[in-house]
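# Coordinates in review
Read off the chains here:
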Amino acid sequence: MKIFLIIISCIFVNNIVLAQFLGICPFLGVSKKIDTAIGMSAAVLFVMTIATIVTWLIYTYVLIPLGVEYLQTISYILVIAFLVQMVDIILKKTSPSLYQALGVFLPLITTNCTILGVAIMVIQKQMGLFDSTIFAISTSLGFGVAMVLFAGIREQLALTKIPEGMKGMPIALITAGLLAMAFMGFSGVC
């Protein structure tokens, strides 16, 4: 039951983008088409899961025993940057087709604050490794749901007649606000 609550909470109730406002830059910047939103969501899922596992292990087995927990943020940033570079190199060598699909999004993930935010949240919530992994996967799925919904709405908005002063970012921000309000309807579920 606890796992189910984590999943529902991360995807709908406490959505990382629409409720906690982390990852707004890729949410607004990469959500003009559903294809790019799906690609970015897949890359975030992969990197967030691996980064959360690795940073949890580093915090638990390196930072705490050495008594240097205050280096948490710096070490997490270095780990995330390193992981993104390693994934980039490995994908380039082993799977050129997957590298072509995700290659554009991998550099963007380095600066995506959702990755760092989730790595810090699992420590603040004192989660174990299994719960942290479920939390990371669920949070990235919530990120993906928000991205794909928003991209679909933006694709439809591109086909409609919008007043000149509302085109582009103004209508995107209004739409994002309405989507966030719609997700507020899930509050109280968990």
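Just so you know, these numbers come straight off a predicted model, no measurement behind them. (Residues numbered from 1 in each chain as written. Predicted model: local features only at pLDDT ≥ 70, side-chain atom pairs only at ≥ 80, totals over all residues. Heavy atoms only, no water.)

When you go through the protein chain residue by residue, the secondary structure sums to 9 helices and 0 strands. Order of helices (α) and strands (β) in the protein chain, N terminus to C terminus: α-α-α-α-α-α-α-α-α. The C-alpha atoms of the protein chain give 18 Å as radius of gyration, which agrees with the globular expectation for 190 residues (16 Å, within 12%). Considered along the principal axes of its C-alpha atoms, the protein chain spans approximately 60 × 45 × 30 Å. Here the protein chain holds 190 residues, and the buried ones make up 44% of them. (Helix = DSSP H or I, 4+ residues; strand = E, 2+ residues; numbered from the N terminus. Rg over C-alpha atoms; globule rule 2.2 N^0.38 Å. Buried < 20%, exposed > 50% of the residue type's maximum accessible area, 1.4 Å probe, protein only.)

For the rest of this paragraph, the subject is the packing of aromatic side chains. Tallied over the full model, the rule gives 3 aromatic pairs. A ring pair is formed by Trp56 and Tyr61, whose centres lie 6.3 Å apart and whose planes are at 80 degrees; its orientation type is edge-to-face. By relative accessible area, Trp56 is classed as buried at 12%. The exposure class of Tyr61 is exposed, given its relative accessible area of 58%. (Phe/Tyr/Trp six-rings, centres within 6.5 Å; stacked < 30°, edge-to-face > 60°.)

Moving on to the packing of helix H3 (residues 34–66) against helix H4 (residues 72–94). When two helices pack together, you describe them by how their axes are tilted relative to each other and by the distance separating the axes. It is at 10 Å that the axes of H3 and H4 come closest, and there the two elements cross at 140 degrees. Judged by the inter-axis angle, H3 sits oblique to H4. Where H3 crosses over H4, the handedness of that crossing is right-handed. Taking contact as the criterion, the partners of Phe46, Val47, Ile50, Ala51, Val54, Thr55, Ile58, Tyr59 and Leu63 in H3 are, on H4, Gln72, Ser75, Tyr76, Val79, Ile80, Leu83, Val84 and Val87. Each residue belonging to the contact of H3 with H4 can be placed in one class, and the counts come to 14 nonpolar, 3 polar and no charged. (Axes fitted to C-alpha atoms, helices over the stretch in contact; angles between N-to-C directions. Parallel < 35°, antiparallel > 145°, perpendicular 65-115°, else oblique. Left-handed = near helix turned anticlockwise from the far one by under 90°. Contact = heavy atoms within 4.5 Å. Nonpolar A, V, L, I, M, F, W, Y, C, P; charged D, E, K, R; others polar.)

A few words now on the layout of surface pockets. Considered as a void within the structure, the largest pocket measures approximately 200 Å³ in volume. Lining of the largest pocket is provided by Lys32, Arg154, Glu155, Leu157, Ala158, Thr160, Ile162, Lys167, Gly168, Ile171 and Ala172. It is helix H8 (residues 129–158) that provides the largest number of residues to the lining of the largest pocket, a total of 4 residues. Its residues assigned to classes, the lining of the largest pocket shows 5 nonpolar, 2 polar and 4 charged. (1 Å grid on protein atoms, 1.4 Å probe; cavity = no way out; pocket = protein on both sides within 12 Å on 5 of 7 lines; lining within 4 Å. Points joined across faces, edges and corners; volume = space filled by probe spheres on them.)

Its place among the elements puts Gln72 in helix H4. What Gln72 contacts, discounting residues up to four positions off in sequence, is Tyr59, Leu63, Ile120 and Ile123.

This next bit is on H4. If you check H4, its first and last C-alpha atoms are 32 Å apart, about what 23 residues at 1.5 Å a residue would give, namely 33 Å. Residues Gln72, Ser75, Tyr76, Val79, Ile80, Leu83, Val84, Val87, Asp88 and Leu91 constitute the buried set of H4. (Expected span 1.5 Å × (residues − 1).)

Turning to the confidence of the model for the protein chain, a few remarks are in order. When pLDDT is averaged across the protein chain, the result is 87; 96% of the residues are at 70 or more. The element-level mean pLDDT for the protein chain is lowest in helix H5 (residues 96–102), coming to 71, with H8 highest at 94. (pLDDT = per-residue confidence, 0-100.)

Moving on to the state of the cysteines. Per the stated rule, a full pass over the model turns up 0 disulfides. Take Cys25: it sits in no disulfide, and the sulfur closest to it among the cysteines is that of Cys113, at 8.5 Å. Residue Cys25 is classed as exposed on the basis of its relative accessible area of 67%. (Disulfide = S-S within 2.5 Å.)

Counting residues in each nonpolar core, the largest one holds 51 residues, and the members touching the most others are Leu18, Phe27, Met40, Ile109, Ile115 and Phe135. If you tally residues by element for this core, the top one is H3, at 10 residues. Residues contacting Phe27, with those up to four places away along its chain left out, are Val17, Leu18, Ala146, Met147, Phe150, Ala176 and Leu179. (Core = buried A, V, L, I, M, F, W, Y, C linked by side-chain atoms within 4.5 Å.)

To continue, consider unusual backbone geometry. Within the chain, Phe21 stands out as a residue other than glycine whose phi angle is a positive 55 degrees. Following the sequence through the fold, Phe21 ends up in the loop between helix H1 (2–13) and helix H2 (24–29). Positive phi outside glycine occurs at Gln126, with the angle close to 55 degrees. Along the chain, Gln126 turns up in the loop between helix H7 (113–124) and H8. The exposure class of Gln126 is exposed, given its relative accessible area of 74%.

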